[in-house]
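Each chain is listed here by its residues.
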Amino acid sequence: MSQRPLLIFLGITAATVLTVQGSWRGHNKESNPAVYHSDDNYEWTTWFNVDHPGGRGDYEQLNAIRFYYRTRVCETPRAVEARTTEWVPARETGEMVHADPTVGFWCLNEEQSPGRNCSNYAVRFLCLKEMGMNIQGTWGLWSNWSPCPALCGQVGVQLRYRSCQPQSLTCNGPKIEGKPCNGPECMKTDCYLHCVMGRVNADCDACMCEEHILLGSVRSAGGLTAKGTAILHSGKLLTLTDHNGHFRIPGICPDGNTTLTFRLLGHATRDVIVPVTSERTSVLSVQLKRAEKLHVLSNPESKARREGQSAAFCCKVAGTPRPDKYQW
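Remember, it's a predicted structure, so these values are computed and weren't measured experimentally.

**A closer look at the sheet that holds strand E5 (residues 79-84)**
Link 1 in the chain: Read across the sheet, three strands follow the order E3-E8-E5 without closing on themselves; strand pairing throughout is antiparallel. Across the chains shown, the open sheet's two edge strands, defined by having one partner strand only, are strand E3 (42-44) and E5. With direction set aside, neighbouring strand axes in the sheet form an average angle of 20°.
Link 2 in the chain: Pairing of E5 with strand E8 (residues 121-128) involves six bridges; the strand directions are antiparallel. Directly across from Arg 83, in E8, lies its bridge partner Ala 122.

Right, dumping it as structure tokens:
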């Protein structure tokens with residue numbers, strides 16, 4: 001079955017390598033940018049930034065954008081454009097990224113050059129303007145799923161396509177569908193971590209559930225959105241909340257044993273357990289409390305002991321968060 005080429009507004013140049021998944025990598029060669037024209041029936045949405053490049057990368061995926069912004073993106077976008085939050089076009093960052101109008105945009109840290117992580121990206125979509133009369137076409141059959149591109153211990157995305165008939169009309173629904181897939185099993189190591197749900201990650205310090213996505217929001221002590229809240233798991237930074245206090249974390253296991261730590265300047269650190277669920281997406285709302293100033297309730301008292309004897313010194317301090325060190 002023939003497929004129409006994807007229209008991806010990333011400022012792709014003649015020196016850009018483009019795959020069927022919409023992935024590209026810019027090369028340091030001079031070339032003229034390709035120019036794409038769209039008719040007057042299409043318009044760009046506003047810019048969206050629902051994820052930050054902590055954890056495994058930056059994920060600006062369409063399903064999460066619709067979760068936060070509801071109907072501000074059309075059912076079938078025609079193209080997607082990406083820029084960093086510093087307004088640098090994606091083609092000029094030199095980073096390996098992936099884009100698809102009906103899936104979104106994503107960048108994986110593990111695919112970048114050594115010592116480099118993904119930038120923080122914002123995206124927008126090209127949508128058909130609302131018209132008084134909209135004649136719909138008919139979808140053809142889905143293609144077979146593409147091979148899984150993931151390596152050992154990694155997670156990839158398989159894609160399948162369908163065409164709208166006739167090609168001059170539009171159809172409701174996605175032209176491309178994606179589903180996560182696992183790479184081949186890695187060689188066994190001396191890892192004794194047991195997972196009730198999912199599988200052990202490559203570092204053998206956490207369990208991973210590739211098909212689960214945790215969405216949520218964080219509010220400060222005054223009830224305002226908590227922008228820039230750090231979210232950690234086992235001491236590792238996963239992501240930061242965006243300007244609306246929202247966050248998105250893929251791969252977290254909803255097994256009732258996974259604890260996330262939320263830290264925001266001027267507020268008490270809070271640990272929250274991800275609740276148990278069998279759904280592929282779960283939502284978490286977190287309310288932080290303001291930090292209370294520490295004050296000493298009792299100091300250690302001086303004691304005299306003979307050589308070889310033991311001595312115990314006691315102290316008591318109140319405040320939030322509770323201190324884990326005491327200097328006397």
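**With respect to the confidence of the model for the protein chain**
Link 1 in the chain: Looking at the protein chain, the pLDDT average stands at 80 and 83% of residues meet or exceed 70.
Link 2 in the chain: Averaged pLDDT values over the elements of the protein chain bottom out at 30 in strand E1 (residues 17-18) and peak at 94 in strand E18 (residues 259-263).
Link 3 in the chain: Low pLDDT, under 50, characterises residues 1-38; the stretch is placed with 86 contacts to residues that sit more than four places away or in other chains.

**Observations regarding unusual backbone geometry**
Excluding glycine, most residues fall at negative phi; most peptide bonds, likewise, are trans.
Link 1 in the chain: Phi angles above zero are rare outside glycine, and Trp 87 is one such case at about 70°.
Link 2 in the chain: Structurally, Trp 87 can be placed in the loop between E5 and strand E6 (97-100).
Link 3 in the chain: Within the chain, Ser 234 stands out as a residue other than glycine whose phi angle is a positive 55°.
Link 4 in the chain: By the element assignment, Ser 234 lies in the loop between strand E15 (230-233) and strand E16 (236-240).

**Quick look at helix H1 (residues 62-69)**
Link 1 in the chain: Buried within H1 are the following residues: Leu 62, Ala 64, Ile 65, Tyr 68 and Tyr 69. One side of H1 carries all its buried residues, which in axial view fall inside an arc of 160°.

**Some points on the state of the cysteines**
Link 1 in the chain: All chains considered together, the criterion is met by six disulfides.
Link 2 in the chain: One disulfide in the model links Cys 164 with Cys 171; its S-S distance is 2.0 Å. In this structure the cystine formed by Cys 164 and Cys 171 twists about its S-S bond by roughly 80°; its chirality is therefore right-handed. Each member of the pair, Cys 164 as well as Cys 171, carries the same accessibility label: buried.

**Section: the side chain of Gln 158**
Link 1 in the chain: By secondary structure assignment, the location of Gln 158 is in strand E10 (residues 155-161).
Link 2 in the chain: For Gln 158, a relative accessible area of 15% puts it in the buried group.
Link 3 in the chain: Excluding residues that lie within four positions of it along the chain, Gln 158 makes contacts with Trp 145, Ser 146, Pro 147, Cys 148, Glu 177, Gly 178, Lys 179 and Cys 181.

**A word on the sheet that holds E18**
Picture the strands of a sheet paired through backbone hydrogen bonds; they go either parallel or antiparallel.
Link 1 in the chain: The four strands lie next to each other as E16-E15-E18-E19, forming an open sheet whose pairing is antiparallel. The outermost strands of the open sheet, each flanked by one partner alone, are E16 and strand E19 (270-273). The sheet shows a mean angle of 30° between the axes of neighbouring strands, taken without regard to direction.
Link 2 in the chain: Pairing of E18 with E19, which is carried by four bridges, proceeds in the antiparallel orientation. Bridging across to E19, Thr 261 finds its partner in Asp 271.

**Comments concerning the environment of Gln 61**
Link 1 in the chain: Relative to the helices and strands, Gln 61 is located in strand E4 (residues 57-61).
Link 2 in the chain: Put simply, Gln 61 and Ala 99 are 38 residues apart on the chain and 9.1 Å apart in space, counted from C-alpha to C-alpha.
Link 3 in the chain: When sequence neighbours within four positions are dropped, the list of residues in contact with Gln 61 reads Val 103, Gly 104, Phe 105 and Arg 248.

**Considerations on the nonpolar core**
Link 1 in the chain: By size, the foremost hydrophobic cluster in this structure holds 22 residues, and its most contacted members are Phe 48, Ile 65, Val 73, Phe 105, Tyr 121, Val 123 and Phe 125.
Link 2 in the chain: If you list the elements that add at least two residues to this core, you get H1, E5, E6, strand E7 (104-108), E8 and strand E14 (207-219).
Link 3 in the chain: With sequence-adjacent residues up to four places away left out, Val 73 is seen in contact with Phe 48, Leu 62, Ile 65, Arg 66, Phe 125 and Cys 127.
Link 4 in the chain: Of all hydrophobic cores here, the second largest spans 16 residues; its members include Ile 231, Phe 247, Ile 252 and Val 286.

**What to know about the pairing of E15**
Link 1 in the chain: Of the two faces of E15, both are covered, the one formed by Ala 230 and Leu 232 as well as the one formed by Ile 231 and His 233.
Link 2 in the chain: Where E15 folds back on E16, the antiparallel hairpin that results is connected by two residues, among which Ser 234 adopts a positive phi of roughly 55°.
Link 3 in the chain: As paired strands, E15 and E18 are joined by three bridges and run antiparallel to one another. The residue bridging Leu 232 from the neighbouring strand is Thr 261, located in E18.

**A closer look at the pattern of salt bridges**
Link 1 in the chain: Going through the model one piece at a time under the given rule, you end up with seven salt bridges.
Link 2 in the chain: Arg 91 is the partner of Glu 92 in a salt bridge, and the nearest nitrogen-oxygen pair spans 3.4 Å.
Link 3 in the chain: We classify Glu 92 as partly exposed; its relative accessible area is 47%.
Link 4 in the chain: Arg 91 sits in the partly exposed class, given a relative accessible area of 28%.
Link 5 in the chain: Put simply, Arg 116 and Glu 95 hold a salt bridge, and the shortest N to O gap is 3.3 Å.

**A look at the packing of aromatic side chains**
Link 1 in the chain: What the rule picks out here adds up to five aromatic pairs.
Link 2 in the chain: On the basis of an interplanar angle of 75° and a centroid distance of 5.0 Å, the ring pair of Phe 67 and Tyr 68 is categorised as edge-to-face.
Link 3 in the chain: Note that Arg 78 overlies the ring of Tyr 42, its terminal NZ or CZ placed 4.5 Å from the centroid.
Link 4 in the chain: Over the ring of Trp 44 we find Arg 124; its NZ or CZ atom is 4.5 Å from the centre of that ring.

Cut-offs and rules
- Residues numbered from 1 in each chain as written.
- Predicted model: local features only at pLDDT ≥ 70, side-chain atom pairs only at ≥ 80, totals over all residues.
- Heavy atoms only, no water.
- Pairing = 2+ DSSP bridges.
- Helix = DSSP H or I, 4+ residues; strand = E, 2+ residues; numbered from the N terminus.
- Axes fitted to C-alpha atoms, helices over the stretch in contact; angles between N-to-C directions.
- pLDDT = per-residue confidence, 0-100.
- Contact = heavy atoms within 4.5 Å.
- Buried < 20%, exposed > 50% of the residue type's maximum accessible area, 1.4 Å probe, protein only.
- Arc of directions from axis to C-beta.
- Disulfide = S-S within 2.5 Å.
- Core = buried A, V, L, I, M, F, W, Y, C linked by side-chain atoms within 4.5 Å.
- Salt bridge = Lys/Arg side-chain N within 4 Å of Asp/Glu carboxyl O.
- Phe/Tyr/Trp six-rings, centres within 6.5 Å; stacked < 30°, edge-to-face > 60°.
- Lys NZ or Arg CZ within 6 Å of the ring centre and 35° of its normal.

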